[in-house]
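Structure assessment
The lines below spell out each chain.
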2 protein chains.
Amino acid sequence: MTDTTDVTDRVRAPRGHGPPEGCEAADILAAARRRVDPELRRAVDSLPGSMRRVALYHFGWERADGTPAAGSAGKAIRPALVLTAVRALGGDPRAAVRAAAAVELTHDFTLLHDDVMDRDTTRRHRPTAWTVFGDADAILAGDALQALAQRLLAEDPHPGAAVAAARLAACVVELCAGQQVDCTLERRAPGEVSLDECLAMAEAKTGALLGCACAIGAVYAGAGAETADALDGFGRQAGLAFQLIDDVIGIWGDPVRTGKPVWADLAARKKSLPVVAALASGTPDGAALAALYGRRAEAGDLERMAHAVEGAGGRDWAQTQAADRMSRALQELARAVPDPERAGGLLALAEYVTRRTH
Amino acid sequence: MTDTTDVTDRVRAPRGHGPPEGCEAADILAAARRRVDPELRRAVDSLPGSMRRVALYHFGWERADGTPAAGSAGKAIRPALVLTAVRALGGDPRAAVRAAAAVELTHDFTLLHDDVMDRDTTRRHRPTAWTVFGDADAILAGDALQALAQRLLAEDPHPGAAVAAARLAACVVELCAGQQVDCTLERRAPGEVSLDECLAMAEAKTGALLGCACAIGAVYAGAGAETADALDGFGRQAGLAFQLIDDVIGIWGDPVRTGKPVWADLAARKKSLPVVAALASGTPDGAALAALYGRRAEAGDLERMAHAVEGAGGRDWAQTQAADRMSRALQELARAVPDPERAGGLLALAEYVTRRTH
């Protein structure tokens, strides 16, 4: 089994231009969580009856039986990107807490709905909301979170709020489009899925909201559309790099670090990016992989698949793509925030995201 | 079988205070449809790929196979309320077309999702979107329509746009709460459902968005919160009157006019308002109805149920409630628009809504 250090080393920014090593990203994330949680909690508490229960459960603030819990509402990467982008462009992050909460509510709305559609049963190490409360309650709670997100921005007197709301709404359409393509891809035969489609889908599903978070930060710092677009590109490309690395980890990741069995994505016959690259390679290994994906699993098949993806160049392609996307992300970052000192926080978050193994 | 003329006569406003009889409401609705359709169509056309197809189908602009259709996107009551409220308060309806489209998109988002949750197979005389495209596509198209609605308002330079967006988002939460209660009510035993709960649910599901449409019109006319709240109350109470009358028609309506078999709601064991009133009446007829609702249908049961609802006072209660709600609606209207001449269009729409038999 291969550790993923090599992957992440490839996409790490060159030393000397980045932030100091250590826990900076973790500090930024913890600070964002502290700042945004009261706003999030207030929004969720404003929901009526049963939708509040579903949302409190989803955020990890309540157990399924309604008793309080410590909270496990993810890593606050998106709110942290909003606040850190504001700071990088010389704005006051305290004025953007509502916007940061709106981005996080939007993320959670899509998680609630995606889990219903994908029939995923586990999220943040707990049973998904629809498995506990049923499809209807999970769909309605998601709908309500999207509405709460837009309400936070509509009621925010900040001069950037309307532009941020428009960007967030456009991003939701893109997230939905990405999820829609993802649903159809899983139903299609291996040979019918093109690599470009998969990359576009991953960008829409994973990159779009990370990019939007950064762009909203720029808007709240008073920056113009060009800077906001550049920061959108930064978050978007870093998000795609993350997805590529996550897909590599989904096949070759260390079970001790990922908490998943080895070759987990292959066992699920997931059409992840390295797999689709291998299938589209036109190599004998690619053809072998297609045959393995099409037949009922036999002993040793998962190892054979992993070898086939690697032999067809799927792993190398994903690692090179990840490095390329990270490099594009850094170019966009330099365009939006030329001063490396000021860009340090965003860089630390991008590195954190692409280095994560969970 | 009883015609519904008596019901609607009771809730019609006294002559002399209303608009001239005739086709005024139909004219207002047709004009609203003409004004809002291009904006709606532009919004839907901006959707990517498959979500556009689902939305075009839902609005009746395309058939399931993607060929063009004439459109059957409902009666545009909500956009008409927005534009008519603007005019009633001396504003320019042309400046509120985007807001009117946003309200209609919100309505359609909830229809798409409600049909998935309720497993309803027919909408506007056509198969519902989820039966044609599947649950995931219908959920995603609904999500995207909610986002488009908020995007229209966020990009609208009108000074009332942010207040309207906040009202619309709050209304979505109320619509979701109403639908959530509705889903649970259908699962509960007849005796466990209180009349107050049902009325609150009907107000949230049917009244809230009609009220919000009127309130947004007030905001776009530059009116203050008090006037907007009064017009919200007008639309909300008229919506509840409509629901009560619709429920009466669902039991005793003329099949020729409603297009539904007689006693349709009883055959479906629907917990409509007259039924719940009868069940909660404490009368022998109420107890008989509960027994009939609980057992497998025998020949003649539907007629027995209809008699029991009537004998328990459910029909009278619904008609009195409808008249009472319509009277409250007119009080709110007079508060917001004291000049009867100016209030005429809104009154005509409220009468049209509560007189409809389809």
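First, a word on scope: everything that follows refers to the structure included in this document. Every chain is numbered on its own, with residues counted from 1 as its sequence reads. Written order determines the labels here, with chains lettered from A and ligands numbered from 1. Given that this is a predicted model, residues contribute local features only at a pLDDT of at least 70 and side-chain atom pairs are listed and counted only at 80 or more, while totals for whole chains, interfaces and linings are drawn from all residues. Only hydrogens and water are set aside; all other atoms, that is, all heavy atoms of the structure, feed into the side-chain values.

**Some remarks on the overall build of chain A**
Just so we agree on the cut-off: Strands here mean DSSP runs of E at least two residues long; helices mean DSSP runs of H or I at least four residues long; both are numbered from the N terminus. The quantity called the radius of gyration is restricted to C-alpha atoms. Its globule counterpart is 2.2 Å times the number of residues to the power 0.38. Burial classification: accessible surface area is computed with a 1.4 Å probe over protein chains only, and a residue below 20% of its type maximum counts as buried, one above 50% as exposed, and the rest as partly exposed. Note on definitions: a residue-residue contact is assigned when non-hydrogen atoms from the two residues lie within 4.5 Å. The method behind every accessible area is Shrake-Rupley, applied with a 1.4 Å probe, and residues are considered shielded solely by the protein chains displayed. We treat Lys and Arg as the positive residues and Asp and Glu as the negative residues; His and chain ends play no part in the count. Where a charge sits is defined by one atom per residue type, namely NZ (Lys), CZ (Arg), CG (Asp) or CD (Glu).
On a plain count of helices and strands, chain A comes out with 17 helices and two strands. In terms of overall dimensions, chain A is globule-like: its C-alpha atoms have a radius of gyration of 20 Å, near the 21 Å expected for 358 residues. Here the C-alpha coordinates of chain A stretch approximately 60 × 50 × 35 Å along the principal axes. Relative to its 358 residues, chain A shows a buried fraction of 56%. When contacts within chain A are restricted to residue pairs at least 6 apart in sequence, long-range pairs at least 24 apart make up 73% of them. Of the roughly 14,000 Å² that chain A leaves accessible, carbon and sulfur atoms contribute 52%. Of the side chains in chain A, 41 bear a positive and 48 a negative charge, and the two mean positions are spaced by 3 Å.

**Quick notes on the packing of aromatic side chains**
All names here are of chain A. The following threshold applies: Within 6.5 Å between ring centres, the rings of Phe, Tyr and Trp (the latter by its six-membered ring) count as paired, and their orientation is classed by plane angle as stacked under 30 degrees, edge-to-face over 60, tilted in between. A ring is scored as having a charge over it whenever the NZ atom of a lysine or the CZ atom of an arginine sits within 6 Å of its centre and within 35 degrees of its normal.
What the rule picks out here adds up to four aromatic pairs over all chains. On the basis of an interplanar angle of 70° and a centroid distance of 5.5 Å, the ring pair of Y57 and F133 is categorised as edge-to-face. Residue Y57 is located in helix α3 (residues 49–58), and its partner F133 is located in helix α6 (residues 129–133); the two are separated by 76 residues in the primary sequence. Each member of the pair Y57 and F133 is classed as buried. Over the aromatic face of W252 sits the side chain of R315, whose NZ or CZ is 4.5 Å from the ring centroid.

**Considerations on the interface of chain A and chain B**
Put simply, the test is: Buried area is calculated as the accessible area (1.4 Å probe) missing from two parts once they are joined, with the contributions of both summed. Every case where a carboxyl oxygen of Asp or Glu lies within 4 Å of a side-chain nitrogen of Lys or Arg is listed as a salt bridge. Identification of polar contacts relies on pairs of N or O atoms within 3.5 Å, with a donor-acceptor requirement for protein atoms, meaning one able to donate a hydrogen and the other able to accept it, and with residues adjacent in sequence counted only if both atoms are side-chain atoms. Polarity classes work like this: nonpolar for Ala, Val, Leu, Ile, Met, Phe, Trp, Tyr, Cys and Pro, charged for Asp, Glu, Lys and Arg, and polar for all others, with Gly in that last group.
Taken together, the contacts link 33 residues of chain A with 33 residues of chain B. Taken together, both faces of the contact between chain A and chain B bury some 2,700 Å²; the carbon and sulfur share is 76%. On the chain A side of the interface with chain B, the three residues burying the most area are L140(A), V173(A) and Q180(A), jointly 20% of the side's total. Summed over the shared surface of chain A and chain B, the number is zero salt bridges. Taken together, chain A and chain B are joined by ten residue pairs in polar contact (both at pLDDT 80 or more). In the side of chain A that touches chain B, the residues fall into 23 nonpolar, six polar and four charged.

**Examining the nonpolar core**
How we decide: Only buried residues count toward a nonpolar core. Its members are Ala, Val, Leu, Ile, Met, Phe, Trp, Tyr and Cys residues joined through side-chain atoms within 4.5 Å.
Of all hydrophobic cores here, the largest spans 190 residues; its most connected members are L231(A), L105(B) and L231(B). In this structure, L231(A) is in contact with A85(A), L89(A), G211(A), C214(A), A215(A), A218(A), L333(A), A336(A), V337(A) and L346(A), ignoring residues within four places of it in sequence.

**Quick look at the pattern of salt bridges**
Residues and elements named next belong to chain A. This model, assessed by the stated rule, comprises 43 salt bridges over all chains. Measuring nitrogen to oxygen at the nearest pair gives 2.7 Å for the salt bridge that ties R167 to D229. Here R167, found in helix α8 (residues 161–187), pairs with D229, found in helix α10 (residues 225–252); they are 62 residues apart in sequence, far enough to count as distant. With relative accessibility at 42%, the residue D229 sits in the partly exposed group. Notably, a salt bridge pairs R236 with D232, separated by 2.9 Å at the nearest N-O pair. Here R236 pairs with D232, and both are found in helix α10, just four residues apart, close to one helical turn. Both residues of the pair, R236 and D232, belong to the buried class.

**Quick notes on α8(A)**
The test is simple: Multiplying 1.5 Å by the helix residue count minus one yields the expected span of that helix.
Taking 1.5 Å per residue as the helical rise, α8(A) with its 27 residues ought to reach 39 Å, and the 39 Å between its terminal C-alpha atoms agrees with that figure. When you tally the buried positions in α8(A), you get 19 out of 27 residues, the bulk of the element.

**Notes on the relation of the copies chain A and chain B**
Both copies of the chain are placed relative to one another by a rotation about an axis and a shift along it. Rule in force here: A least-squares superposition brings the copies together, and it is based on the C-alpha atoms of residues with pLDDT no lower than 70 in both.
The transform that puts chain A on chain B rotates by 180° and translates by 0.0 Å along the axis, for an RMSD of 0.0 Å. What the superposition gives is, in effect, a two-fold axis relating one chain to the other. The residues that chain A uses at the interface reappear at the interface of chain B in 100% of cases, marking a shared surface.

**Points about the side chain of H58(B)**
Within the element layout of this structure, H58(B) appears in helix α3 (residues 49–58). With residues near it in sequence (within four places) discarded, H58(B) still touches D108(B), L111(B), L112(B), R124(B) and R126(B).

**Notes on unusual backbone geometry**
All names here are of chain B. A positive phi is found at R119, a non-glycine position, where the angle reads about 55°. Looking at where R119 falls in the secondary structure, it is placed in the loop between α5 (97–118) and β1 (122–123). The phi dihedral of R124 falls on the positive side, at around 50°, and the residue is not glycine. Topologically, R124 is positioned in the loop between β1 and β2 (126–127).

**Details of the environment of A55(A)**
Residues and elements named next belong to chain A. By the secondary structure assignment, A55 is in helix α3. Here A55 falls in the buried class, since its relative accessible area comes to 0%. When the C-alpha positions of A55 and P255 are compared, they lie 30 Å apart, and in sequence the two are 200 residues distant.

**Comments concerning helix α14 (residues 284–294) of chain B**
Residue and element names in this part refer to chain B. Threshold: Directions drawn from the helix axis to the C-beta atoms are what define this arc.
The set of residues buried in α14 consists of G286, L289, L292 and Y293. Here the buried residues of α14 occupy an arc of 120° about the axis, which is enough to place them on one side. In α14, the exposed residues that point more than 90 degrees away from the buried face are P284 and G294. Looking at the buried side of α14, the elements it contacts are α12 (264–267), α13 (273–279) and α15 (301–311).

**Observations concerning the packing of α5(B) against helix α7 (residues 135–154) of chain B**
Residue and element names in this part refer to chain B. Selection criterion: Angles here are taken between N-to-C directions and fall from 0 to 180 degrees, while the axes themselves are lines fitted to C-alpha atoms, restricted in helices to the stretch in contact. In this scheme, roughly parallel covers angles under 35 degrees and roughly antiparallel covers those over 145, while 65 to 115 is roughly perpendicular and the rest are oblique. The crossing is said to be left-handed when, going from far helix to near helix, the turn is anticlockwise and less than a right angle, and right-handed when the turn is clockwise.
Taken N-terminus to C-terminus, the directions of α5 and α7 make an angle of 160°; their axes are 8 Å apart at the nearest point. Judged by the angle between their axes, α5 and α7 are roughly antiparallel. The chirality of how α5 crosses α7 is left-handed. For the pair formed by α5 and α7, the contact residues are R98, A99, A101, A102, L105, T106, D108, F109, L112, H113 and V116 on the first element and D135, A138, I139, A141, G142, D143, L145, Q146, L148, A149, L152 and L153 on the second. Broken down by class, the residue content of the contact of α5 with α7 amounts to 15 nonpolar, four polar and four charged.

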